[in-house]
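# Close look at the chain arrangement
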Amino acid sequence: MGKKKRQEDKPWCWYCDREFDDEKVLIDHQRIKHFKCLECNKKLNTAGGMVVHMQQVHKQTCTTVAGAIPGRDTVDIEIFGMEGIPEADLQAHIEKLSGGGGSGKRKKVDIGALTPDQIQRQMAEFKKQQQQMASAPPPQMGMHGMQPPQAPYGMPMQYPSQGYPPQGYPPQPYGAPPQYGGRPFMPPQGGYPLYPPYQQGMPPQGYPPQGMPPQGMPPQGMPPHGMPPHGMPPQGMPPQGMPPQGMPSGMPPPGMPPYGVPPPQFGPGPGPNQQWPPRPPMPFLPPRPTPPPQMGGTPPPSRSPSQYEPAPFDGYSQPAPQMSAPMSTPSAPESAGYSNGAAADVCAAAAVPAAPAKKTGQLVYSDNEISVEEKRALHPKYAYQESASA
Amino acid sequence: MAGATGTAPLGFELANSPTDGISALAFSPDDPELLLAASWDKKVRLYDVNADLLRSEWTHKAAVLDVCFSTASQCFSVGLDRKLKSMDVNTSAERIVGSHEDAIRCVVYGQQTGQVMTGSWDKHVGVWDPRTNASLGKYTQPEKVFSMDVVDYTLVVAMAGRTIHVYDVRNMKETLQPRESAMKFMTRTVRCMPNGKGFVTGSIEGRVAVEYFDPAKESQAKKYAFKCHRQTMDDIEQIYAVNAVAFHPKFGTFATGGSDGVLNLWDGNNRKRLRSYPQYPTGISALAFNCDGSLLAVASSYTFDEGEKE
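Given the structure is predicted, the values throughout are model-derived calculations rather than measurements.

Take the overall build of chain B next. Secondary structure assignment for chain B yields 1 helix and 30 strands. The proportion of buried residues among the 310 residues of chain B is 62%. Within chain B, contacts between residues separated by at least 24 positions form 41% of all contacts whose residues are at least 6 apart in sequence.

This part takes up the interface of chain B and chain A. Interface size is commonly expressed as the accessible area that is lost once the parts come together. On the chain A side, the residues contacting the 35 residues of chain B number 28 residues. Overall, the association of chain B and chain A removes approximately 3000 Å² of surface from exposure, summing both partners, and the carbon and sulfur fraction of that is 57%. At the surface where chain B touches chain A, the tally comes to 4 salt bridges. A salt bridge links Asp20(B) to Arg376(A); its shortest N-O distance comes to 3.1 Å. Seen at the junction of chain B and chain A, the total is 12 residue pairs in polar contact (both at pLDDT 80 or more). When residues in the side of chain B that touches chain A are grouped by element, the largest group, 4 residues, is from strand β24 (residues 236–239) of chain B. As defined by bridge partners, strand β3 (residues 361–363) of chain A adjoins β24(B) across 3 bridges and the pair is classed as parallel.

Take the pairing of strand β6 (residues 53–59) of chain B next. Residues and elements named next belong to chain B. Of the strand pairs in this sheet, strand β5 (residues 43–48) and β6 are connected by 6 bridges, and their pairing is antiparallel. Among the inter-strand pairings, Arg-45 is bridged to a residue of β6, identified as Glu-57. What sits between β5 and β6 in their antiparallel hairpin is a turn of 4 residues, with Asp-52 showing a positive phi close to 50°.

Turning our attention to the UniProt feature "repeat: WD" (unreviewed entry) in chain B. All names here are of chain B. Mapped onto this numbering, the UniProt entry gives "repeat: WD" (unreviewed entry) at residues 15–50, 97–138 and 242–276. Across residues 15–50, helical content stands at 0% and strand content at 50%; the span's end C-alpha atoms are separated by 11 Å. In this annotation, residues 242–276 is assigned 0% helix and 60% strand; the end-to-end C-alpha distance for the span is 14 Å.

The next point concerns the nonpolar core. Of all hydrophobic cores here, the largest spans 21 residues; its most connected members are Cys13(A), Trp14(A), Tyr15(A), Phe35(A), Ala47(A), Val65(A) and Ile79(A). Tallying contributions element by element places helix α2 (residues 47–58) of chain A first for this core, with 4 residues. Judged by nonpolar contacts, the second largest core, of 18 residues, contains Trp40(B), Ala62(B), Phe146(B) and Met186(B).

On to the pattern of salt bridges. Residues and elements named next belong to chain B. One pass over the full model with this rule turns up 19 salt bridges over all chains. Salt-bridge contacts for Asp-41 lead to Arg-45; the nearest nitrogen and oxygen are separated by 2.9 Å. Here Asp-41 and Arg-45 have matching classes, each one buried. Residues joined by salt bridges that share partners form a network here, namely Asp-41, Lys-43, Arg-45 and Glu-57.

This paragraph deals with α2(A). Residues three or four positions apart in an α-helix share a direction because the helix packs 3.6 residues into each turn. Residue and element names in this part refer to chain A. If you check α2, its first and last C-alpha atoms are 16 Å apart, about what 12 residues at 1.5 Å a residue would give, namely 16 Å. Taken together, the buried positions of α2 are occupied by Ala-47, Gly-48, Met-50, Val-51, His-53 and Met-54. At its buried positions, α2 is contacted by α1 (23–34). After α2 finishes, the residue Lys-59 shows a positive phi value of roughly 55°.

Residues and elements named next belong to chain A. Together, Asp-22, Glu-23, Asp-28 and Glu-83 line one region of the surface with negative charge. Looking at where Glu-83 falls in the secondary structure, it is placed in the loop between α2 and α3 (87–98). Looking at Glu-83, the relative accessible area reads 53%, which means it is exposed.

The sites that carry the UniProt feature "domain: C2H2-type" (unreviewed entry) are, in the present numbering, residues 35–58 of chain A. Along residues 35–58 of chain A the backbone is 50% helical and 0% strand, and the end-to-end C-alpha distance reaches 15 Å.

Counting through the fold element by element, Asp305(B) comes out in the segment after β30 (296–300). Buried charge Asp305(B) goes without a salt bridge, the closest partner of opposite sign being Arg188(B) at 4.9 Å. A distance of 2.4 Å separates polar atoms of two side chains, one belonging to Asp305(B) and the other to Ser259(B). Not counting residues up to four positions away in its chain, the partners in contact with Asp305(B) are Val364(A), Tyr365(A), Val372(A), Ala241(B) and Ser259(B).

Residues and elements named next belong to chain B. Spatially, the 4 strands line up as an open sheet ordered β7-β8-β9-β10, and their pairing is antiparallel. Only two strands of the sheet have a single partner each, and these edge strands are β7 (64–71) and β10 (94–99). The mean inter-strand angle of the sheet, taken between neighbouring strand axes irrespective of direction, is 25°. In the sheet, strand β8 (residues 74–79) pairs with strand β9 (residues 83–88) via 4 bridges, with the strands oriented antiparallel. Bridged to Gln-74 within β9 is Asp-88.

Residues and elements named next belong to chain B. In this model, chain B carries an average pLDDT of 91, and 96% of its residues clear a pLDDT of 70 or more. Ignoring residues within four places in sequence, the model shows residues 1–8, a span with pLDDT below 50, making 36 contacts including any to other chains. Across the assembled chains, the prediction reports ipTM 0.88 with pTM 0.52.

Below, the discussion takes up the sheet that holds strand β4 (residues 34–39) of chain B. Residues and elements named next belong to chain B. Spatially, the 4 strands line up as an open sheet ordered β3-β4-β5-β6, and their pairing is antiparallel. Edge positions in the open sheet fall to β3 (22–27) and β6, since each of these has one partner strand only. If you compare each strand with its neighbour and ignore which way they point, the axes differ by 20° on average.

Reading guide: rules and limits
- Residues numbered from 1 in each chain as written.
- Chains lettered and ligands numbered in written order.
- Predicted model: local features only at pLDDT ≥ 70, side-chain atom pairs only at ≥ 80, totals over all residues.
- Heavy atoms only, no water.
- Helix = DSSP H or I, 4+ residues; strand = E, 2+ residues; numbered from the N terminus.
- Buried < 20%, exposed > 50% of the residue type's maximum accessible area, 1.4 Å probe, protein only.
- Contact = heavy atoms within 4.5 Å.
- Buried area = accessible area lost by both parts, 1.4 Å probe.
- Salt bridge = Lys/Arg side-chain N within 4 Å of Asp/Glu carboxyl O.
- Polar contact = N/O pair within 3.5 Å; in protein donor to acceptor, adjacent residues only side chain to side chain.
- Pairing = 2+ DSSP bridges.
- UniProt positions renumbered as here; feature names shortened; annotations may be inferred.
- Core = buried A, V, L, I, M, F, W, Y, C linked by side-chain atoms within 4.5 Å.
- Expected span 1.5 Å × (residues − 1).
- Patch = residues over 30% accessible without salt bridge, like charges linked within 9 Å, V, L, I, M, F, W, Y side chains within 5 Å.
- Areas by Shrake-Rupley, 256 points an atom, 1.4 Å probe, with all protein chains shown as cover.
- Lys, Arg positive; Asp, Glu negative; His and termini not counted.
- Charge placed at Lys NZ, Arg CZ, Asp CG, Glu CD.
- Axes fitted to C-alpha atoms, helices over the stretch in contact; angles between N-to-C directions.
- pLDDT = per-residue confidence, 0-100.

What follows is the structure, given as structure tokens:
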């Protein structure tokens, strides 16, 4: 990123993948960019410090780190300078450096790739959703609550059609295009009080793409991992649920964490998964356990598959601004009203172009040829008559 | 550390301040308490800063654009009247040393050669001997001169069209280094580093450039420019002119003042801002450190960036 050639031993910021010449600068950067209290701008040393500060001083819950790239905005990892960076990410970073280092750049481009058009579209979708939601009773299922922000990551959405494709998992942590199962999987009603955290990803399938609220639906279509209530392995089928056809008989796929545990081996690095749990509840309290009821209010039941298309996109591009959207910009009333992740996403998307827009500067004095003094000298008040000279 | 004319949020304000915009400030070379202020109200005022006293006052025929000291007892002024005037600090006597074809924008005194140099909108730099009132030559410049400064034997002339010429004052016939400003917009002011290694320019586009005289590659690689004196209002960045630069005589740090009324202190070597002072009620038009570096004079007056006001 810098002008100089990359050096492998340069300190870099885990949150935004930026390199620095020395660790002091990195720490300053983290304090200013990532660990600044959204309320009072106090700069803390670590994400944890920021969370505690916001909790205690402002009674607010902070679940994301500002300015982080998608997947790195978790507050769960305590990072200070270069300390605390997950080993896997360290390795990945080194590899990237040695291997041409293109990937980081590409990611960046993706982030910036959200055109105003797309944003407009997302905004429109979001509004549409809201209208639909206003007319349809919000699903009150616990499940819904957790899900929305995950949708963009797309991974979980693959299950329905393929049963458990463990293979499908790791390679595409983000951005796998959501594939809707042929059939809608309805989450059972009544809700499971506690869903395993990593289930959050599922809801998309859980919802009928047509936007039907789950209440009336028989649970037959339950998504496989939705089933184990309270973190039970799939074998213990919940009584009401039937496994989808393609489901391997309840075996956790190799490499899959037991349900209810955030799967560390997900994806290439800890990045994507770690960020998951904390993300969804973003505007709310602690990451996983019980989804706040309101959260269920807005999720994507109303989204049709086609509407989902851009989802992976915003999933990419928003996380960073997103965290600030709900918390630091109360001016976005929509995000205040609807706490769901999708809402925040869209609002954040709107905020994205706003930042660059600031760049348009305006010179207070813009005449590049004639100095202010020359202009001022022309004013009659300052007129000088040669004849009057002594 | 701040003496000030104009209403200042910091330091103290001098009594009997000029009645129109202040165009230039200069401290005496060896009396840390003597401050000259040139103003658009056609006057040059001499203050005793610690006593907060107006020591003398000279009235000119037109607005005064610049002042400088030569020795502690003699000073020079230039302005729209196209004359270079010498003023005696002790007797208040004044006399005309020379003149240009157009208004004279700036005047500096070369300590090493004992010469006074003037830069004019008539595209000439004049060199004068203050003891004999003799003109030692006029040197044609490609553009109107906007600002000059001299350190040791090096004279830097900042002109319109982003042109900057560096001269050796012992040989004004040759331009030592014809340069182009490192910035894309008009140069507002130029000041040399006290150590004689380089100079700093400020532009109308809220930017300051630090450059070095040494033409060697390593030195040139160190030059840089940075943005400052900007404010974001309603998502539009307001970019103010950097009107004044002043170097601290001992530390080599420098202060910049902009039309936004903000005074910043910078460490040019470490590329850090040391301090930003609370905003002055109007733009900062001139700055000067005194000889021992214990005081900074700040002229806060509207610089006509947005035309006539009031």
